[in-house]
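Notes for the structure review
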Amino acid sequence: MFLINCPFCGEREQSEFKAGGEAHIERPKQPTELSDDEWAEFLFMRKNIKGVQFERWNHAHGCRKWFNIARDTSNDQIKAVYKMGEKPPVK
Amino acid sequence: MSKNLRFKSSKLLDETYRISFKFNNKIYYGYKGDTLASALLANDVHLVGRSFKYHRPRGIMTAGSEEPNAIIQLHDNTSRTEPNVRATEIEIYEGLVASSQNCWPSVNFDIGGINNILSPVLPAGFYYKTFMWPKNFWEKYEYFIRKSAGLGKSPKEADPDIYEHKYIHCDVLIIGAGISGVIAAKMAAKNGLKTLLVDEKSFLGGSTTYDNSEFSKINNQIASSWLEKEVNEISKLENLEIKTRTSVAAFHGYNFLLARENLTDHLPINQRKNKIRHRLLKIRAKKVISATGAIERPLIFDNNDRPGILLSSAIKKYIDLYGVACGENIILFTNNDTAYETAISMTQRGIKVNAIIDNREQVDSKLSYEVEKNNIRIFKGYTVVDTYGYKRINGLSIMKLSKDGQKVIGEKIKLSCDSLGVSGGWTPSVHLFTQSGGKLKFREEDQVFIPSKYPSDQLCIGSCNGDFTIEEITANTILSIKKFLNIKNTNYKTLEIMTGINKSKRNIWLLPSDKILGKTKSFVDYQNDATAKDIKLALREGFRSIEHVKRYTTTGMGTDQGKLGNMHALGIISETAGTKMGEHGTTTFRPPYTPLTFGTIVGRNVGKFFDIIRRTPIHDWHVINNAKFENVGQWKRAWYYPKENENMHQAVQRESKAARDCAGILDASTLGKIDIQGTDASEFLNRVYTNAWSKLAIGKCRYGLMLNEDGMVYDDGVTTRLDENHYIMTTTTGGAANVLGKLEDYLQTEWPELDVYLSSVTDHYATISVCGPHSKKIVSKVIPNLDFSDEKFPHMSFKNAKIGEIKCRVMRISFTGEQSYEINIQSNYGKSVWEKCMEAGKNFDITPYGTETMHLLRAEKGFIIVGQDTDATMTPIDLQMDWIVSKKKYDFIGKRSLYRSDTIKEDRKQLVGLLTENPEEVLEEGAQIVTDIKKSPIEMLGHVTSSYYSPNLNKSIALGVVKGGKKMLGQKLIIPMENKNINVTVADPVFLDKEGKRLNAKL
Amino acid sequence: MKNKYSIFSLIKNAFSYHENWEKAWKDPEPKKQYDAIIVGGGGHGLATAYYLAKKHNMKNIAVVEKGWIGGGNTGRNTTIIRSNYLWDASASLYDHALKIWEGLSQELNYNVMFSQRGVMNLAHNLQDVRDLKRRTHANRLNGIDAVYLNTEEVKKFCPIINTSQDIRYPVLGGTLQRRAGTARHDAVAWGYARGADEMGVDIIQNCEVKGIKRNGDKVEGIETTKGFIKTKKIGVVAAGHSSVIANMVGLKLPLESKPLQALVSEPVKPIIDTVVMSNAVHAYVSQSDKGELVIGAGTDDYISYSQKGSHDIVEGTLNAILELYPIFSRMRMLRQWGGIVDICPDASPIISKTSVKGLYFNCGWGTGGFKATPGSGDLFAHTIANDEPHKLNAAFNLNRFVSGDLVDEHGAAAVAH
């Protein structure tokens, strides 16, 4: 069980958080303009990276805030934590 | 044959406290402080159990948690019975009852011993090659295989003991209180760090506790005496918490560790009542220091498994710590100096050492000179080639090793003995280190794997780090702890060490024999009976990776997890394959280090604490009024209220009729309630619901349907506009938390520009729904100062009101199709308002109804229940709810998905009503729907989602989803049941009052 | 045939102290070129190679495996085999596999120990009951042997379950598929490897794929740690690592790889002789032939390739175990481990062609791929050999995520294991 440094509450057990999958997949502003393929790309297709991945987490049993982290999925080491709307750190 | 082999007092034992215990129905005695193993050995009992596969007699082999053989059933046939308990770990107490396992009828005469005779046809993996004929007979073979497998017996009763969890946060955790752990603890605590020191034993000090020899001294004191003072000193340190009988089970990432603190297993049963048995410590340590020690290696030779064969260090421990001799005529067999320490301990106590067999040609250390001085024969350059005695070793034969150690040469010499101590050097206990993700490196000179790369802020010290003499241990521990904890000064810098040990070693993984390998039984894994020839067979058959060999031969898969034999398996593999150690991998050590009781892992969360129970504020009233309850998520909801002899059907029929004919009252408090505020609240609702919200007037209510982004129905409920920028949303009972989570997600991550705030208020309000033609009269009595006239308070609207001085919200909304009012009031007034409603409704036959009646009533109206009439494959169009999907709105969650090539198909499964040919026949929910029963394979068009007997319509009604159902109105379909086919007709899903007249009906 | 396995060959070999057994499979270096290469030497990959050679006469093929065969999820699962799935497409897919299981030991001349001890699924709330009944009816009409049991019948079939109605989530009923059961996981990989090897398939271990070479929209070969290997057809069966391979050609898949954990207890004499699964009180348990209780936990909710999950998941699972089997409180956990499972949004697999010609994917089995091993291999072999799916795997294409025609097994509340 890793520790996540919630940008609003500080370091907490991972069990307080809910994972929200890959980050920086923006919901299309004009979904009706998209083809079925493009919509499916947004809905389902994921990089599912082995290595450092930017991903969304929610402090579900704490402040309920969403934020992003950069985590190495091959060993679960967290490299950085950053707020929603902020740019991901350079690797 | 009961001899007394206890010869001298020891400081661990309390000899004034004699304890009687039973082993295999015989009474024996020991002392407080004894383990079951030491007490049995004191009574000259070596034969303890039978091995897994060949049922060979096995004795006590070690003095610790690495024990593969001496595992017993504790308190058989009682509620405290426990299988596979290691006799070497358990401390005896008055009344202990232990018995041998995996033998029948007894450990002395075991029918299963026949497997030993059949062993030539039972090589590793034999079961993959046979039991295939005749076909389908496997289960019959398997029946007998299963019966003979297994070790102890599972308990058959519930556990009378209790367990608990405790979280510990510390600066430094030190695992193992041997000499290096004690030094580390003192250094850490004295430097102001919050330190936790744990050890699996009942005492501190590890093996140095009984290192009483003149040949190992610290600052000119006998090592054990020096350490005793240190132990006394640290016991008083403020920053240091010490936990004995505490075994670290798992070392996870981010320095999260699990340890089991054993609190009562050493107490007599009658003293355990109401005490916590084990405490699971969940430790988060900033730094972890592993001082987990090392385990002595056995040696691999023919028949190396007989009772009476022990690790030489175990023999020493039984003598020095427990005052027990493991025999009266002992031989030691070694490839290093360790056995000489044992020999010296024995001669000091006057126990006969018959001989030392040493693999090494050259032996010269202070220890060996001392041994030779005592006239003990040393056979240098020799190996044991065989042992004799079935249930106890009575002799062995030895031969000279060739120069390269690959062969034996010369004459065979027979020697007699009643016990054999073996020492193959030491294996660092790196289990926890590797569990944490640590990487090992191989040290050639003494053939050990030692820690190399640390994955977290941690350190290994002492013999688990590959330091095997007290000289190395103390020097390296002090040095590395200073660096690791950033300590400048320590009072340890002047330690003067004297040791007699010479580190030379002659490592031969598989000792040669005068027999061909195929005729030998040289055990590598004692418990699972995996031998050296099994490992070679696996390699011959193409298994190369250690994981393959391990799985094929079951080496290292026993309850000891290969603590003794894994290294030899690796060694034999690399020797046979001609590769370097580690090239075929080291097997992954998986948690736990020693087996961990399920009850310990679960702690207090059993029985009524298994999961929380959510009760509504009106719950107690339901209980008093005989409600039956239904679990909905964590909620207890009143299901129905049977009167006297009513069964469920009768109760529901009565309640349903009453709700339509007079008045019904429902506790709807469990529905999710989300308070939504902010200047963009309307826009937010526009985006999350399928219908339009901008024009909803203040004081009005609207039903909304929420989709997933994939277009499938997710949740539904009524949302009320309380004010310009203030809404209250209701969700389904089960969906409340998920809906809030989803809304927060969109709000925070996709639409941060919206000024909207969400708050769950589910638990803040009690919700009482009064419905039926008399409902208005009843609520008017409860809230007399509110105008309930249809003009002022029409359907789908809301009013603020007061009951007495207490504010409440009243919504006129309906899930039953009847005129219906919903009072929302602060939770703690819920029960009293409910009672007021009951009182006010007395003259109108107000009838409390539960969820079952609610489901029936809404089905009469064709209202869906998300999760029952929908699964994750239904769109609103499929539900024939096109009316709620706004065509005008540019976007809402899930909109785009409704126009994919599959979701726009016209013949998707669609919600319809179903009427049975026989109006008395009630369909089974979940039953499948077809058109043609003769077709093969039969084509299923859909299934029945909801089905009831309607007392208001006097017939059976059902909802279902049917492929292309929208266009099938009036069509006949078939429900094929196991024993009959039921004819149904597709109908409009609204069975009652399609025009909605009842919403305003007056009586 | 190589030396055939039987009791007679065991006795015969006993006379020569088992020193004359042949290798179960060779350990060749890769050739320069193959007609097809299977990436991933787990059960599914080895089965694919076996059926390509056996049914489609493709002998010049190789299986490349990063580690050792059967070392991924094949060797880490709880070995449950069943086919009582809800949707027609799933039911026929898994029952196809189940039928092959029934004769697999004989076909491979390798005892995979398929034991039809039954699988029971429990219901703990009224919606569970509806869902299980719905599934049972569908199974019956699909020719799958599932029956619904009431609480007494559940108790009768597995007496150690706590069926008291006073517990937090009492057992309200269950379903039973008698043809379902368990098998020996390692044996499946080894048996298929031995069978494929005999037909000339090269099984290349310790060979990691580093890249896929493509020419326009066609594949040309794979870059590996043992060099470049030319081929026109690549079948990827890399389970948790499927996305890693897909990313090599710039493809994205609808997958997330998550930790799934399991554990075993110390071995004891027979105490439970069937497989019991529960969704609402999340736990499933069976007992291995060795006597260990084999217990499956759920997945964590985050992506990870670390083969480690969080302790909370294990604790929660044992919580559920003790709720249903209070007698196991004093049993001890011997070993726990994790695997990496690739999960599709609809909890159904993908056995499909891709937009790249000659590149095929078999993935997304999530938490329940072991049971499908023989069927999956058979159908994937068909798909690769014919460049089009078999009718049994047609529904499990990649395009369903575009059209919306999902096979939603977890949405249908079936236990997704």
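Computed from a predicted model, the values in this text were never measured in an experiment.

**Regarding the overall build of chain C**
- Secondary structure summary: chain C contains eleven helices and 19 strands in total.
- The globule rule puts the C-alpha radius of gyration for 417 residues at 22 Å, and the 21 Å found for chain C is close to it.
- Along the first, second and third principal axes, the C-alpha atoms of chain C reach 65 × 65 × 40 Å.
- The 417 residues of chain C split such that 70% are buried.
- A sequence separation of at least 24 residues applies to 74% of the contacts in chain C between residues at least 6 apart.
- Approximately 12300 Å² of chain C is accessible, and the part contributed by carbon and sulfur atoms is 51%.

**A closer look at the overall build of chain B**
- The number of helices and strands found in chain B is 22 helices and 51 strands.
- A compact globule built from 1003 residues should have a C-alpha radius of gyration of about 30 Å, whereas chain B, at 38 Å, is more than 25% larger.
- Along the three orthogonal principal directions, the C-alpha set of chain B runs to about 115 × 70 × 55 Å.
- Among the 1003 residues that make up chain B, the fraction classed as buried is 65%.

**Digging into the interface of chain C and chain B**
- Residue-level contacts link 100 residues of chain C with 120 residues of chain B.
- Of all residues in chain C, C:Arg168, C:Lys269 and C:Arg330 bury the most surface against chain B, accounting for 10% of the area lost on that side.
- The interface formed by chain C and chain B holds eleven salt bridges in total.
- Between C:Asp289 and B:Arg146 there is a salt bridge, with its nearest N and O atoms 2.8 Å apart.
- When residues of the side of chain C that touches chain B are assigned to their parent elements, the largest contribution, nine residues, is made by helix α5 (residues 126–141) of chain C.
- With two bridges joining them, strand β32 (residues 596–597) of chain B and strand β17 (residues 332–343) of chain C adopt antiparallel strand pairing. Note that in β17(C) the partner of B:Leu596 across the bridge is C:Met333.

**Some details on the packing of aromatic side chains**
- Per the stated rule, a full pass over the model turns up 49 aromatic pairs over all chains.
- For the ring pair B:Phe131 and B:Trp138, a centre distance of 6.0 Å and an interplane angle of 50° mean the geometry is tilted.
- Given a relative accessible area of 18%, B:Phe131 falls into the buried group.
- Of the residues examined, B:Trp138 reaches a relative accessible area of 7% and is grouped as buried.
- Aromatic pair C:Trp101 and C:Phe370: ring centres 5.4 Å apart, planes at 45°, arrangement tilted. Of this pair, C:Trp101 sits in helix α3 (residues 88–101) while C:Phe370 sits in the loop between β19 (359–363) and α10 (373–386), placing them 269 residues apart in sequence. You'll find C:Trp101 and C:Phe370 in the same group, each marked buried.
- Here the guanidinium or amino end of A:Lys65 rests over the ring plane of A:Phe8, the centre of that ring lying 5.6 Å away.

**Here's the deal with the domain arrangement of chain B**
Residue and element names in this part refer to chain B.
- As far as domains go, chain B holds domain 1 (1–157), domain 2 (164–294 + 428–499), domain 3 (298–424), domain 4 (518–585) and domain 5 (892–999).
- Between domain 2 and domain 4, the C-alpha centre-to-centre distance is 31 Å.
- At the interface, four residues of domain 2 touch five residues of domain 4.
- Of the roughly 410 Å² buried at the junction of domain 2 and domain 4 (both faces included), carbon and sulfur atoms supply 79%.
- By the criterion of area lost to domain 4, the three top residues of domain 2 are His-431, Phe-442 and Phe-449, representing 80% of everything that side buries.
- Remark: the boundary between domain 2 and domain 4 carries zero salt bridges.
- Counting every contact that joins domain 2 to domain 4 gives zero residue pairs in polar contact (both at pLDDT 80 or more).
- Counted by class, the side of domain 2 that touches domain 4 contains two nonpolar, two polar and no charged residues.

**Focus: the packing of helix α2 (residues 43–55) of chain C against helix α7 (residues 185–198) of chain C**
Residue and element names in this part refer to chain C.
- The contact between α2 and α7 brings their axes to 9 Å, and the two run at 25°. Of the possible angle classes, the one that applies to α2 and α7 is roughly parallel. Classified by chirality, the crossing of α7 by α2 is left-handed. On α7, the residues touching Gly-43, Leu-46, Ala-47, Tyr-50 and Tyr-51 of α2 are Ala-189, Tyr-192, Ala-193, Gly-195 and Ala-196.
- Residues of the contact of α2 with α7, tallied by class, amount to eight nonpolar, two polar and no charged.

**Looking at the confidence of the model for chain C**
Residue and element names in this part refer to chain C.
- Chain-level statistics for chain C give a pLDDT mean of 95 and a share of 98% at 70 or above.
- This model gives residues 412–417 a pLDDT under 50, and the stretch forms 24 contacts once residues within four places in sequence are excluded.
- The complex model carries a pTM of 0.97, and its ipTM stands at 0.98.

**Regarding the interface of chain B and chain A**
- Each partner contributes residues to the interface: chain B has 27 residues there, and chain A has 27 residues.
- When chain B packs against chain A, the two sides together hide about 2300 Å² of surface, and 47% of this comes from carbon and sulfur.
- On the chain B side of the contact with chain A, B:Tyr254, B:Tyr890 and B:Arg896 bury the most area, a combined 32% of that side's loss.
- Remark: the boundary between chain B and chain A carries six salt bridges.
- Ionic pairing is found between B:Glu744 and A:Arg64, a salt bridge with its closest N-O pair at 2.4 Å.
- Class assignment of the residues belonging to the side of chain B that touches chain A gives a composition of ten nonpolar, eight polar and nine charged.

**Some points on the sheet that holds strand β35 (residues 663–667) of chain B**
Residue and element names in this part refer to chain B.
- Strand order across the open sheet formed by six strands is β42-β43-β44-β41-β35-β45, with mixed pairing between neighbours. Where the open sheet ends on each side, the last strands, each with one partner, are β42 (797–803) and β45 (846–848). Neighbour to neighbour, the strand axes of the sheet diverge by 25° on average, direction disregarded.
- Across four bridges, the pairing between β35 and strand β41 (residues 765–771) is antiparallel. Counted as the bridge partner of Ile-665 is Val-770 from β41.
- Strand contacts of helix α20 (residues 775–782): β35, β41, β42, β43 (806–812), β44 (820–826) and β45, with the helix running at about 25° to β44, the strand carrying the most contacts.

Reading guide: rules and limits
- Residues numbered from 1 in each chain as written.
- Chains lettered and ligands numbered in written order.
- Predicted model: local features only at pLDDT ≥ 70, side-chain atom pairs only at ≥ 80, totals over all residues.
- Heavy atoms only, no water.
- Helix = DSSP H or I, 4+ residues; strand = E, 2+ residues; numbered from the N terminus.
- Rg over C-alpha atoms; globule rule 2.2 N^0.38 Å.
- Buried < 20%, exposed > 50% of the residue type's maximum accessible area, 1.4 Å probe, protein only.
- Contact = heavy atoms within 4.5 Å.
- Areas by Shrake-Rupley, 256 points an atom, 1.4 Å probe, with all protein chains shown as cover.
- Buried area = accessible area lost by both parts, 1.4 Å probe.
- Salt bridge = Lys/Arg side-chain N within 4 Å of Asp/Glu carboxyl O.
- Pairing = 2+ DSSP bridges.
- Phe/Tyr/Trp six-rings, centres within 6.5 Å; stacked < 30°, edge-to-face > 60°.
- Lys NZ or Arg CZ within 6 Å of the ring centre and 35° of its normal.
- Domains from an automatic or database assignment.
- Polar contact = N/O pair within 3.5 Å; in protein donor to acceptor, adjacent residues only side chain to side chain.
- Nonpolar A, V, L, I, M, F, W, Y, C, P; charged D, E, K, R; others polar.
- Axes fitted to C-alpha atoms, helices over the stretch in contact; angles between N-to-C directions.
- Parallel < 35°, antiparallel > 145°, perpendicular 65-115°, else oblique.
- Left-handed = near helix turned anticlockwise from the far one by under 90°.
- pLDDT = per-residue confidence, 0-100.

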